[in-house]
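So you can see what is in the structure, the chains are spelled out below.
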Amino acid sequence: GFFQSYAVEVDIKDASNATCLYANWMMRFLITYESNNSDYKTTTLNLSPSVTHNGSVCGNDTQAALLAVQFGEGHSWSINITKTNETYQGDFMTLTYNTNDTAVFPDAKRKGPVTVFMKDPAGPVQLNTVFVCHNSFVIEAENITQIFWNVTVQAFVQNGTVSKKETRCPADIPTSAPTVPPTIANVTTAPTITTSPVPPTPPKPVENPDTGNYSLKSGNKTCFLATVGLQLNVSQDKPLLININPKTTVADGACGNTTATLKLNDGNSTLIGF
């Protein structure tokens, strides 16, 4: 129940009415846009209850498959999928959002459709295998954050039947538990030797994070400056401390008259926004 959105199911048929491209998934978009006041706002674009899939094609050995959907007030999304002798793989995604949709962009300065291209980071999938990802994953480009979950996709379906063989995304693969050595029975008891108790080893302290200097420019002028050391404390089964390394962290964002946004990406899928 973390995400509230609509699921999409697309079943594309070939000339013989056999399934050639199947997809079932959920997605939403976080879009940063400039308002009439020249500041920047972030809005959420969800799929609508009614989705069409005009323009979707099966693809073949020489032509890429295309999964395309249209929704809401002039919004559309598509992905090209290419094929090799043994695998298929998403090539690039295209999102077109329409800022004339006042329910989503109530005060957008720029009016009309805006198109953004994104490279699909997923790896190749074996033919006659379905790609499955139940957990959410994120793809970012420019001012767009795409969030996907409950994904089932198979391109170049063989014999019109979606495969039972699955390729799972990394987010669905659990981390293996450490191996516990078996208990050894019937061990001869050694003579008891009295020793002083060994004091417990204190936990290794976590070093303070390095201080980074992060800045944004508007034209040739600096509009946002932050000098800060950052450490994240993530609550999981046990606390996880993450230091943000300024040497590998890239600053991005935008400045308006009344609002500024700073995004820090450390290259390890850690994204922090101010």
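Residues numbered from 1 in each chain as written. Predicted model: local features only at pLDDT ≥ 70, side-chain atom pairs only at ≥ 80, totals over all residues. Heavy atoms only, no water.

To be explicit about the condition: UniProt positions are given in the numbering used here, feature names are shortened, and annotations may be inferred rather than shown by experiment.
If you check an unreviewed UniProt entry, the protein appears there as Lysosome-associated membrane glycoprotein 2 from Nesospiza acunhae. According to the UniProt record, the Sequence similarities (unreviewed entry) comment for the protein is "Belongs to the LAMP family."

**A short note on the overall build of the protein**
Cut-off, in case you're wondering: Under the scheme used here, helices are H or I runs from DSSP no shorter than 4 residues and strands are E runs no shorter than 2 residues, and both carry numbers assigned from the N terminus. Partly exposed residues are those whose accessible area sits between 20% and 50% of the maximum for their type, while under 20% is buried and over 50% is exposed, using a 1.4 Å probe and protein chains only. The contact rule is simple, with two residues in contact once any of their heavy atoms fall within 4.5 Å. Where accessible areas are quoted, they stem from the Shrake-Rupley method and a 1.4 Å probe; at the residue level, only the protein chains shown are allowed to cover.
Per the secondary structure count, the protein includes zero helices and 20 strands. Across the 274 residues that make up the protein, the buried fraction comes to 35%. Taking the intrachain contacts of the protein between residues at least 6 apart in sequence as the baseline, contacts between residues at least 24 apart amount to 50%. Of the roughly 17200 Å² of accessible surface on the protein, a fraction of 51% belongs to carbon and sulfur atoms.

**A look at the sheet that holds strand β20 (residues 271–273)**
The condition that has to hold: Paired strands, as defined in this entry, are two strands with at least two bridges between them according to DSSP. Here an angle of 0 to 180 degrees is reported between the N-to-C directions of two axes, which are lines fitted to C-alpha atoms, with helices fitted over the stretch in contact.
Within the open sheet, the three strands sit side by side as β18-β19-β20. Their pairing is antiparallel. Since the sheet does not close on itself, it has two edges, and those belong to β18 (250–255) and β20, each with one partner. Across the sheet, the mean angle from the axis of one strand to that of its neighbour is 15°, orientation sign disregarded. Judged from the six bridges that link them, β18 and strand β19 (residues 260–265) form a sheet pairing that is antiparallel. If you follow A251 over to β19, its bridge partner there is L264.

**Considerations on the pairing of strand β1 (residues 7–13)**
Remember that side chains alternate between the two faces of the sheet whenever the strand is regular. With burial as the criterion, only one face of β1 is covered, namely that bearing V8, V10 and I12; the residues A7, E9, D11 and K13 on the opposite face remain uncovered. Note: β1 against strand β2 (residues 19–34), seven bridges, orientation antiparallel. Paired with V8 across the strands is W25, a residue of β2. Here β1 folds back onto β2 in antiparallel fashion, the turn holding five residues, of which N17 has a positive phi close to 65°.

**Overview of the state of the cysteines**
Note: disulfide means a covalent bond formed between the sulfur atoms of two cysteine side chains. The cut-off we apply is this: To count as a disulfide, a pair of cysteine sulfur atoms needs to be within 2.5 Å.
Applying the stated criterion to the full structure yields three disulfides. Disulfide partner of C20: C58, at an S-S distance of 1.9 Å. Torsion about the S-S bond of the C20 and C58 cystine: about -65°, corresponding to left-handed handedness. Of this pair, C20 sits in strand β2 while C58 sits in the loop between β4 (51–52) and β5 (65–71), placing them 38 residues apart in sequence. With respect to class, C20 is no different from C58; both count as buried. Disulfide pairing is shown between C223 and C255; the S-S distance is 2.0 Å. Linking C223 and C255, the disulfide has an S-S dihedral of approximately 75° and is accordingly described as right-handed.

**Let's talk about the environment of M26**
Assignment of secondary structure puts M26 in strand β2. Taking the C-alpha atoms as reference points, M26 and E9, 17 residues apart in sequence, are found 9.1 Å from one another.

**Here we look at the side chain of T99**
The criterion, for reference: Think of a polar contact as two N or O atoms within 3.5 Å of one another; within protein, one of them needs to be a possible hydrogen donor and the other a possible acceptor, and neighboring residues in sequence only count if both atoms come from side chains.
Mapping T99 onto the fold places it in the loop between β7 (87–98) and β8 (113–119). One polar contact links the side chain of T99 to the main-chain carbonyl oxygen of R110, over a distance of 2.5 Å. Beyond its immediate chain neighbours, meaning those up to four positions away, T99 contacts F105, A108, R110, K111, G112 and V114.

**Let's talk about the pattern of salt bridges**
Should the charged atoms of two oppositely charged side chains come close, the side chains can pair. Note the cut-off: Any carboxyl oxygen of Asp or Glu that lies within 4 Å of a side-chain nitrogen of Lys or Arg is treated as forming a salt bridge with it.
Counted according to the given criterion, the structure contains seven salt bridges. Across the salt bridge formed by K13 and D11, the nearest N and O atoms sit 3.5 Å from each other. Put simply, E166 and R168 hold a salt bridge, and the shortest N to O gap is 2.9 Å. Judged by its relative accessible area of 45%, E166 is partly exposed. Taken together, the salt bridges that share partners define one network made up of E166, R168 and D172.

**Overview of the confidence of the model for the protein**
For clarity, the cut-off: As a per-residue quantity, pLDDT reports the predictor's confidence and falls between 0 and 100.
Mean pLDDT over the protein works out to 84, with 83% of the residues at or above the 70 mark. The spread of mean pLDDT over the elements of the protein runs between β20, the lowest at 78, and β5, the highest at 96.

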